[in-house]
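One-letter residues, chain by chain:
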Amino acid sequence: MALRVLVGCKRVIDYAVKVRVKPDKTGVVTDGVKHSINPFDEIAIEEAVRLKEKKIASEVVAISCGPKQCQETLRTALAMGADRAIHVEIPEPQSNTLEPLGVAKIFSKLAKEEDVNLIIVGKQAIDDDCNQTGQLTAALLDWPQGTFASEITVEGEHMKVIREIDGGLETIKVKMPAVISADLRLNEPRYATLPNIMKAKKKKIDVKTPADLGIDISPRTEILSVEDPPVRQAGSKVEDVSELVGKLKSHGFI
Amino acid sequence: MLMLRSAVKSIKLHKRPFINLYAFQAHQLSSAISLHNVKNSLRDLPHDGPEASFALGVYRGKIHTQQLFPFPDALNDELKETIKLMIDPFEKFFREVHDSSQSDLEETLSQKSIDGLKEVGLMGLQVPQKYGGMELKNTQYARLCEITGSHDLAVGIFLGAHQSIGYKGIVLYGNDKQKEKYLPDLVAGDKIAAFCLTEPSSGSDANSIQTKAVLDEEGKHYILNGNKIWISNGGLADVMTVFAQVPINDEKSEGVSQKVTAFIVERNFGGVTSGPPEKKMGIRSSNTASVYFDNVKVPVENVLSKVGDGFKIAMNILNNGRFGMGAAMSGLIRMLLSRSIEHANSRIQFQRKLIEYQSIQEKIAKMAIAHYAVESVAYAVSNNMDKGIKEYQVEAAISKVLGSESAWNTCDECLQILGGIGYMREANIERFMRDLRIFRIFEGTNDILRLFIALNGIQYAGKHLKELQNAMKEPMSNLGTLWDQGIKRSKQFVGISSSGELVDNTAPQLRESASKITQRIEEFGSTVEKLLVKYGRQIVQEQFILTRLADANIDVYSMGAVLARATKAINENLSTADHELLLATAFIEEASDRVERNLGSVIRKRNLKTFSTFSEIANDVSRSEGVATTRPLGF
């Protein structure tokens, strides 16, 4: 069966940027800061495109939820080989309070609309580190899930997923349609070449709103404050074990 | 009538300011007239040519604002988005595929790097899409040049020698057949190109090349013989643009004259060999080699444009790609500033971070200011080119000189800030210093470009002076010209800026800076006129003067670009507007002083005397073939 694949691509602050907290502590500075596609989502797109190249998948649709600039993220996905893209437009400041549950609802709705049988998302976003969207989407659709995937193999109507877990690797078999969340070692994404960027300009990006999909994306949590982690205190070196014991004693630890 | 006679007198006597009464009246009228002129003429202001060029207008004391105010912006949103997407893949290449230090050590570009460049699609950036190119506009290309500048200049030369000059001749002057035959492979990077002009006895003096191409008896091939030296990509190129002298029967003089002609030459025509890679100070991984042509048979179809067009083609190719260097230099300066401040923000000496010391602050500030100027000029030039302006050669030359020299000075200071660390190879600063040195030499030495800038300006001003002299022969019918001049002169003597144009086009916070520039431009115009009257045509020999005029011109154009850019930042409420205001004000303050000094020195007797002294000293040294003094010890 030819798979129709949906891939979630979140626009996040670039991994190399030194993030700074806003003076009013409501969040981090995003104005004028470099953004790019969430690295795990990039891996997800790469996997989907590889499935297409192996002729296992017939179409790859990239989705991004957020303000207008998300279209840049989608263009990157298109340049990597996605066929089409859907931009669910959520303007700021609403997009700042978008939660995984809202995204999962959007993904499940679109999965049904687009008649999709495989969803691949990154395991988590590097800005909020939630690690929920894949799991919530599977639950809403009542589909099986293979999370933290470091290798996936299609075997007929099933998919073998090798998962990265604390103890090592776990191999499971899921029946499709299914949701997969991509971990770091799943693949190494190609970089979009300039010719592919030019070709991607001709690919379609459909724009929808949560209202079009009939979805309530209001947040269930409230951000009280965003602060820098405490400045790390300097440690001290000790010459030998007796000095170590002495210090532990004087600090009241033993 | 009184006005007119006074005007004519003041032109003839231009040695002393005329009496105050006239000056006062002129002042009254000037404000009314200049505003009136500004409002009316805005509608029919030319957009191209010397009458639109800010850099050239200066030589007549005129402020042509069209090409700088507002700061030119030629790309639409789609083009901006496209180039934005192309930045990451290119950066990724430098981060993950190419190893600059290793390439520099091995003095070669690895196949892995070349394959990477081909894969990312960087070998045909400005070629039309129908040949497989990216069809980038100049401003888009400039943004990518910034990336090469900040990572590895040698890769920049490999790419530039290939597409900016190597096969640019085919893009600009090739016929459809030549384009279809050669461009697809070159754009894919399957074939490499090189630009073959320089010879052992022919560097700046391009017309003196000795490589010859003689039509064979059948009239189907030119037989090419000659040696080219220092050709970038010379050892790698499969397709070369070669410049050679073709003997032509001169009908008029009944003799044979040599006409420089451009040819497309393939290595596999046979008879083409290249020497070993030259050992260089910098850009070591870029291949530089001699190329020898020994009875190479070049089909007549491979002549670019037509016989005799070679010199013009060579100059246009260089001119066409020159803007890229300014952008590359601005990318490099940006990176060097980051390195410098990284060190200054963390290094502690005498219990304080380096950045807290004024002498370091000055270095950092000067780097930031230099970056702003170089970047503003680079993007002003590329955007104007994209707007369709064809006469940009002076501005492009200014960008090249300003960029290469600012980058050199910045690199030097960055190394200084890093101190001993900066001197170590590991810090990767010395490599940039070594790579940078050639940028003041190739693609038109900065010395030649200064003369080019000044002579272009002088020629433009000289033409007008001729008009003025003609007008004086028929004063009644040339009232307008004389009136203009009369008022201009009087205002100058009184010290009031004639045109409100610059000040009117600027944000309020910059009005003082604008007014400084206006004054400098007027002084420029009057200085040039004095020089023309004093030296006439002989001015072209007065290089002491020409180089100083060029320096002043570079400073004035930069001031204009920076003023326009800062105004844009303020008008658009950019978050960095305050900082840009600081950069602009400081730059204009210092540049204005430099201009005053340079303009003064070409007129002032004591400076002119020093110039003569320089010549005498040089002659003595030439005769002595070295130092011409007696040693302190006598031996």
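Residues numbered from 1 in each chain as written. Chains lettered and ligands numbered in written order. Predicted model: local features only at pLDDT ≥ 70, side-chain atom pairs only at ≥ 80, totals over all residues. Heavy atoms only, no water.

Enquirer: Help me understand the pattern of salt bridges in this model?
Expert: Side chains that differ in charge, positive against negative, can pair when their charged atoms come close. Residues and elements named next belong to chain A. Under the defined criterion, the tally for this structure stands at 50 salt bridges over all chains. Of the charged contacts in the structure, one is a salt bridge between E114 and R4, with a shortest N-O distance of 3.9 Å. Highlighted residues: E114 in the loop between α3 (100-113) and β6 (118-122) and R4 in strand β1 (residues 3-8), separated in sequence by 110 residues. Taking the relative accessible area as the measure of exposure, R4 reaches 22% and is therefore partly exposed. (Salt bridge = Lys/Arg side-chain N within 4 Å of Asp/Glu carboxyl O. Helix = DSSP H or I, 4+ residues; strand = E, 2+ residues; numbered from the N terminus. Buried < 20%, exposed > 50% of the residue type's maximum accessible area, 1.4 Å probe, protein only.)

Enquirer: Which parts of the structure should I look at to understand a nonpolar patch on the surface?
Expert: Residue and element names in this part refer to chain A. Taken together, V238, V241, L244, V245, L248, F253 and I254 make up a surface patch of nonpolar side chains, about 630 Å² in accessible area. Within the fold, V245 resides in helix α7 (residues 241-250). For V245, a relative accessible area of 32% puts it in the partly exposed group. (Patch = residues over 30% accessible without salt bridge, like charges linked within 9 Å, V, L, I, M, F, W, Y side chains within 5 Å. Areas by Shrake-Rupley, 256 points an atom, 1.4 Å probe, with all protein chains shown as cover.)

Enquirer: Would you take a moment to explain the confidence of the model for chain B for this structure?
Expert: Low-pLDDT stretches of the model should not have their predicted coordinates read in fine detail. Residues and elements named next belong to chain B. Looking at chain B, the pLDDT average stands at 89 and 88% of residues meet or exceed 70. Across chain B, helix α12 (residues 358-386) holds the top mean pLDDT of 98, while helix α2 (residues 20-41) sits lowest at 40. Below pLDDT 50 for its whole length, residues 1-42 participates in 35 contacts with residues either more than four positions away or in separate chains. Under a pLDDT of 50 for its full length, residues 490-498 has, in the predicted model, 20 contacts with residues more than four places off or in other chains. (pLDDT = per-residue confidence, 0-100. Contact = heavy atoms within 4.5 Å.)

Enquirer: Just to check I follow, could you spell out the packing of aromatic side chains for this structure?
Expert: The geometry of an aromatic ring pair is captured by two quantities: the separation of the ring centres and the angle between the planes. All names here are of chain B. The tally for this structure, following the rule as stated, stands at 11 aromatic pairs over all chains. Seen in terms of ring centroids, Y222 and F263 are 5.2 Å apart; in terms of plane orientation they differ by 65 degrees. Their pairing is edge-to-face. Of the two residues, Y222 sits in strand β3 (residues 221-232) while F263 sits in strand β5 (residues 255-266), which places them 41 residues apart along the sequence. Overall, the relative accessible area of 9% leaves Y222 in the buried class. Taken together, a centroid distance of 5.0 Å and an interplanar angle of 65 degrees make the contact between F439 and F442 edge-to-face. On the basis of relative accessibility, which here comes to 4%, the residue F439 falls in the buried class. Among the aromatic residues, those joined into a ring-pair cluster are F90, F93 and F94. Its end group placed over the ring of F432, R431 keeps NZ or CZ at 4.8 Å from the ring centre. Here the guanidinium or amino end of R437 rests over the ring plane of W408, the centre of that ring lying 5.6 Å away. (Phe/Tyr/Trp six-rings, centres within 6.5 Å; stacked < 30°, edge-to-face > 60°. Lys NZ or Arg CZ within 6 Å of the ring centre and 35° of its normal.)

Enquirer: Which parts of the structure should I look at to understand the sheet that holds strand β9 (residues 168-175) of chain A?
Expert: Whenever strands of a sheet pair, they do so through backbone hydrogen bonds, lying parallel or antiparallel. Residue and element names in this part refer to chain A. Taking strand neighbours across the sheet as the criterion, the nine strands line up as β9-β8-β7-β10-β6-β1-β4-β5-β11 in an open arrangement whose pairing is mixed. Edge positions in the open sheet fall to β9 and β11 (205-208), since each of these has one partner strand only. Within the sheet, the average angular offset between the axes of one strand and its neighbour, ignoring direction, is 30 degrees. The strands touched by helix α1 (residues 39-53) within the sheet are β1, β4 (57-66), β6, β7 (145-155) and β10 (178-182), with β6 carrying the most contacts at an inclination of about 150 degrees. (Pairing = 2+ DSSP bridges. Axes fitted to C-alpha atoms, helices over the stretch in contact; angles between N-to-C directions.)

Enquirer: Is there a simple way to explain the packing of helix α19 (residues 511-535) of chain B against helix α21 (residues 577-601) of chain B in this structure?
Expert: Axis angle and axis distance: for two packed helices, these are the angle between their axes and the distance between the axes, and together they describe the pair. Residues and elements named next belong to chain B. It is at 10 Å that the axes of α19 and α21 come closest, and there the two elements cross at 20 degrees. Relative to α21, the element α19 lies roughly parallel. Here the hand of the crossing between α19 and α21 comes out left-handed. For the pair formed by α19 and α21, the contact residues are S513, K516, I517, R520, E523, F524 and T527 on the first element and T585, I588, E589, S592, V595, E596 and L599 on the second. Its residues assigned to classes, the contact of α19 with α21 shows five nonpolar, four polar and five charged. (Parallel < 35°, antiparallel > 145°, perpendicular 65-115°, else oblique. Left-handed = near helix turned anticlockwise from the far one by under 90°. Nonpolar A, V, L, I, M, F, W, Y, C, P; charged D, E, K, R; others polar.)

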